[in-house]
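So the chains spell out like this:
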Amino acid sequence: MARCELYRLLADPVRVRLLGLAAAEELAVGELAELLREGQPKISRHAAALREAGLLLARRQGTWTLLRLDPRATTDPVVDDAVRAGQRACAADGTLARIEEVLAARDAETREFFARGGRPLRPGPPSELAAYLAALAPLLPHRRLAVDAGTGDGALLEVLSPVFERVVALDRASAQLQLAGERLRRRSLENVELVCGEIDGLEVVRAVARALGDPPPEAGQALARGADVVFAARVLHHAPQPARAMRALVELARPASPGHGDDAPHARGGAVCVLDYEAHQDRALREQEADIWLGFAPDDLRRFAEEAGLSGIEIRRLPTAWQGEGPDRHLVWQLLVGWRSARGARAGAFTGTSKGTP
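Residues numbered from 1 in each chain as written. Predicted model: local features only at pLDDT ≥ 70, side-chain atom pairs only at ≥ 80, totals over all residues. Heavy atoms only, no water.

### Looking at the sheet that holds strand β7 (residues 229-233)
Across a sheet, paired strands are connected by hydrogen bonds in the backbone, their directions being either parallel or antiparallel.
Then comes step 1: Overall, mixed pairing links the seven strands, which are arranged β6-β5-β4-β7-β8-β10-β9 in an open sheet. Both outer strands of the open sheet, β6 (192-196) and β9 (310-317), are each paired with one neighbouring strand and no more. Adjacent strand axes in the sheet meet at a mean angle of 15°, parallel and antiparallel pairs treated alike.
Then comes step 2: Sheet analysis places strand β5 (residues 166-171) next to β6, joined by five bridges and oriented parallel. Along β6, the bridge assignment pairs Val167 with Val192.
Then comes step 3: Strands β5 and β6 of the sheet are contacted by helix α9 (residues 174-187), whose axis makes an angle of about 170° with β6. (Pairing = 2+ DSSP bridges. Helix = DSSP H or I, 4+ residues; strand = E, 2+ residues; numbered from the N terminus. Axes fitted to C-alpha atoms, helices over the stretch in contact; angles between N-to-C directions. Contact = heavy atoms within 4.5 Å.)

This is how it looks when you write it as structure tokens:
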């Protein structure tokens, strides 16, 4: 703009003080009116003139218009002098110090809301859990591929999909996979491939290779690479031969790096996570849930894992509050985690069934 127009624009003391406040903090038009003790329409007109001159930037937030000084404006020595003069004037009459009071008022309604208790307590995981998991995902070193063995209706996929780049979810029951597919559609879980087949079936092995971008193996051929994590949540007690099923799970995991000890963290292969029950005597679950085995003693579960080629094995009990509301909520749940070592054995055919995930 012409210099004479700039001088005329900055001749108004209200505009000069407005620039000084906008240089100190991004403020809404109403907040500026309160600080300058002027009517909001008058401040809006002054702000419009300063914006048109390229001195102020505006940002809409709902019904608010937030204003701040354009940092490029102070490269003009006349504007820079006006901003400094406005800040000196606002400091002298205490207006600049009152900015903190105005900002605190923004927070008052929120503070009052949460002081009353905020929203009512909702039991169970939050509906926005996927967003939190997506935030945690970059912290995990190996998250290219996860396998959910015995996915059932796909409940675990809501945890795996936001964390891993790709997920292969398998189940031998097409009816269960239809439920899982509906979940994928409703929850926009677009990085999951559903596979109908046995844990060590060729269709599953090929799906894992496909997810990793590897050529499809032929029948009887082992995977060149495997999953970073293989999950089997409440599946093992449905397997006719649990030890054999454990070997099949291990075979889907990424092999360990050669030339290192099994316990070296940098040499570990993919992880295998098995969630199942401790040994119990509730025979009703055989009829209600088609369970074959009444859980497993921790020593037996560890033996299955060691014989299948897992190392660094850890087993822990889970709190009862984490066990949902199903017919098995009264049992003791245990979680086994181990890493595939260089000696993982080739699994034989697995003909078990799966209940699905918790």
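Read on for the rest.
### Here's the deal with helix α5 (residues 77-92)
Then comes step 1: Over its 16 residues, α5 runs 22 Å from end to end, which matches the ideal 22 Å to within 8%, given 1.5 Å per residue.
Then comes step 2: All buried positions along α5 are accounted for by Val79, Ala82, Val83, Gly86 and Cys90. Looking down the long axis of α5, one finds its buried residues gathered within 100° of arc, a one-sided arrangement. Exposed and facing more than 90 degrees away from the buried side of α5 are Pro77, Arg88 and Ala92.
Then comes step 3: In this structure, the buried side of α5 is in contact with α1 (3-9), α2 (13-24) and β3 (64-69).
Then comes step 4: Residue Asp76 occupies the N-cap position of α5, its side-chain oxygen lying 2.9 Å from the main-chain nitrogen of Val78. (Expected span 1.5 Å × (residues − 1). Buried < 20%, exposed > 50% of the residue type's maximum accessible area, 1.4 Å probe, protein only. Arc of directions from axis to C-beta. Polar contact = N/O pair within 3.5 Å; in protein donor to acceptor, adjacent residues only side chain to side chain.)

### What to know about the sheet that holds strand β1 (residues 27-28)
Then comes step 1: Across the sheet, which stays open at both edges, the three strands sit in the order β1-β3-β2 with antiparallel pairing between neighbours. Bordering the open sheet on either side are β1 and β2 (56-61), each of which pairs with just one other strand.
Then comes step 2: Across two bridges, the pairing between β1 and β3 is antiparallel. From the neighbouring strand, Leu27 faces β3, where its bridge partner is Leu67.
Then comes step 3: Sitting on the sheet, α2 is in contact with β1, β2 and β3, with an inclination near 90° to β3.

### Considerations on the packing of aromatic side chains
Then comes step 1: This model, assessed by the stated rule, comprises two aromatic pairs.
Then comes step 2: Taking 6.3 Å as the distance between ring centres and 50° as the angle between the ring planes, the aromatic pair formed by Tyr277 and Trp333 counts as tilted. In this pair, Tyr277 is assigned in strand β8 (residues 271-277) and Trp333 in strand β10 (residues 333-340), connecting sequence segments 56 residues apart. Trp333 carries the same exposure label as Tyr277, and that label is buried. (Phe/Tyr/Trp six-rings, centres within 6.5 Å; stacked < 30°, edge-to-face > 60°.)

### Brief notes about the side chain of Glu278
Then comes step 1: Of note, Glu278 is situated in the loop between β8 and α12 (284-288).
Then comes step 2: Looking at Glu278, the relative accessible area reads 12%, which means it is buried.
Then comes step 3: When sequence neighbours within four positions are dropped, the list of residues in contact with Glu278 reads Leu294, Gly295, Phe296, Pro298, Arg317, Val332 and Gln334.

### So, the confidence of the model for the protein chain
Then comes step 1: The share of residues in the protein chain with pLDDT of 70 or more is 91%, and the mean pLDDT across the chain is 89.
Then comes step 2: Long-range and interchain partners of residues 345-358, a stretch whose pLDDT sits below 50, account for 64 contacts in this model, where long-range means more than four residues apart. (pLDDT = per-residue confidence, 0-100.)

### Details of unusual backbone geometry
Then comes step 1: With a phi angle near 55°, Arg234 is a residue other than glycine that sits in the positive phi range.
Then comes step 2: Residue position: Arg234 is located in the loop between β7 and α11 (242-251).
Then comes step 3: Within the chain, Ala290 stands out as a residue other than glycine whose phi angle is a positive 60°.
Then comes step 4: Among the secondary structure elements, Ala290 is positioned in the loop between α12 and α13 (298-308).

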